[in-house]
Amino acid sequence: MTDLTAFWSYLSEGPLLWLALTLLAYAAGDACFRASGRKPYVNTVLVAVVILAVILWATGTAYGTYFEGAQFVHFLLGPATVSLALPLFDNLGQLRRAALPVAAALLAGSATAAASAVAIAWALGVRGEALASVAPKSATAPVAIGIAERIGGAPTLTAVLVILTGITGAVVATPLLNALRIRDWRARGLSVGVASHGIGTARAFQINPTAGAFAGLGMALNAVATAFIAPLVVALFR
């Protein structure tokens, strides 16, 4: 048992172990998603997060140690976000025809996402650094972390909230939009992208290419809008 513990201690210090476990956890999550018949509540990212959280907890591994390996996946967030320009280009005609509604929905969605989160947190007694960390939770992770640093938030807490927001949006968006009888794929996609960034956008692409394209648009534009709106919202509650 002592030898096994020593071996794990040695192995866990290497970044490749955590990179491999991250990829395996995602593969397991994707397998569960497919086996469920692509049910939204069996979200790939959610399953992967649970698996990794259990491993980290069971082995007593610090997040910093884990991130030494996971940072290689984190680095790919930037190129993955930029690649969303391709489906946007394919739907450029639809985007031009819906420019005004898109702008109005973006401002309403971005302001509501930041203001509602900060207001609820403030009402529950959250103050200071934690309150500032909540405001950019609907922006994509690299942008949200940068915004949190500039407005006095905790980047790590913001990253967690971003992931939770994305998973929640990916799980509830389709049933909610179906219940509201929203059939326009452009509206569905944009709302998901604004509310739940990359994870929601990935889910939108699984359902419909037009919804995915507009979700990518919503995610990109919301990142810009949040950079202006989040500091204003936080300032109102300080």
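Residues numbered from 1 in each chain as written. Predicted model: local features only at pLDDT ≥ 70, side-chain atom pairs only at ≥ 80, totals over all residues. Heavy atoms only, no water.

Colleague: Describe the pattern of salt bridges, with residues and values.
Modeller: Here the structure, examined in full by the defined rule, presents two salt bridges. Ionic pairing is found between D30 and R34, a salt bridge with its closest N-O pair at 2.8 Å. Linking D30 with R34, this pair stays in helix α2 (residues 15–35), spanning four residues, or about one helical turn. Using a relative accessible area of 22% as the deciding quantity, one classes D30 as partly exposed. (Salt bridge = Lys/Arg side-chain N within 4 Å of Asp/Glu carboxyl O. Helix = DSSP H or I, 4+ residues; strand = E, 2+ residues; numbered from the N terminus. Buried < 20%, exposed > 50% of the residue type's maximum accessible area, 1.4 Å probe, protein only.)

Colleague: Could you give an account of the domain arrangement of the protein, naming the residues involved and the relevant values?
Modeller: Its domain assignment divides the protein into domain 1 (2–74) and domain 2 (91–236). Here the C-alpha centroids of domain 1 and domain 2 sit 26 Å apart. Across the boundary between the two partners, domain 1 contributes eight residues, which contact eight residues of domain 2. Across the domain 1/domain 2 interface, buried area totals approximately 720 Å², and carbon plus sulfur atoms make up 71% of it. Summed over the three residues of domain 1 that lose the most area to domain 2, namely P40, N43 and V45, the buried surface amounts to 49% of that side. Inspection of the domain 1/domain 2 interface yields zero salt bridges. At the boundary of domain 1 with domain 2, the tally comes to zero residue pairs in polar contact (both at pLDDT 80 or more). Broken down by class, the residue content of the side of domain 1 that touches domain 2 amounts to six nonpolar, one polar and one charged. (Domains from an automatic or database assignment. Contact = heavy atoms within 4.5 Å. Buried area = accessible area lost by both parts, 1.4 Å probe. Polar contact = N/O pair within 3.5 Å; in protein donor to acceptor, adjacent residues only side chain to side chain. Nonpolar A, V, L, I, M, F, W, Y, C, P; charged D, E, K, R; others polar.)

Colleague: Just give me the short version of a nonpolar patch on the surface, but keep the residues and values in it.
Modeller: On the surface, a nonpolar cluster with roughly 220 Å² of combined accessible area is contributed by L46, V50 and V54. Relative accessible area serves as the criterion here: at 47%, V54 is assigned to the partly exposed category. (Patch = residues over 30% accessible without salt bridge, like charges linked within 9 Å, V, L, I, M, F, W, Y side chains within 5 Å. Areas by Shrake-Rupley, 256 points an atom, 1.4 Å probe, with all protein chains shown as cover.)

Colleague: Could you give an account of the layout of surface pockets, with specific residues and numbers?
Modeller: Take a probe with the size of a water molecule and roll it over the atoms, and the empty space left behind shows itself. The space that makes up the largest pocket amounts to roughly 1700 Å³. Per-element tally for the lining of the largest pocket: the top contributor is helix α12 (residues 185–207), with eight residues. Broken down by class, the residue content of the lining of the largest pocket amounts to 33 nonpolar, 11 polar and two charged. Composition of the lining of the largest pocket by domain shows at least three residues from each of domain 1 (2–74) and domain 2 (91–236). (1 Å grid on protein atoms, 1.4 Å probe; cavity = no way out; pocket = protein on both sides within 12 Å on 5 of 7 lines; lining within 4 Å. Points joined across faces, edges and corners; volume = space filled by probe spheres on them.)

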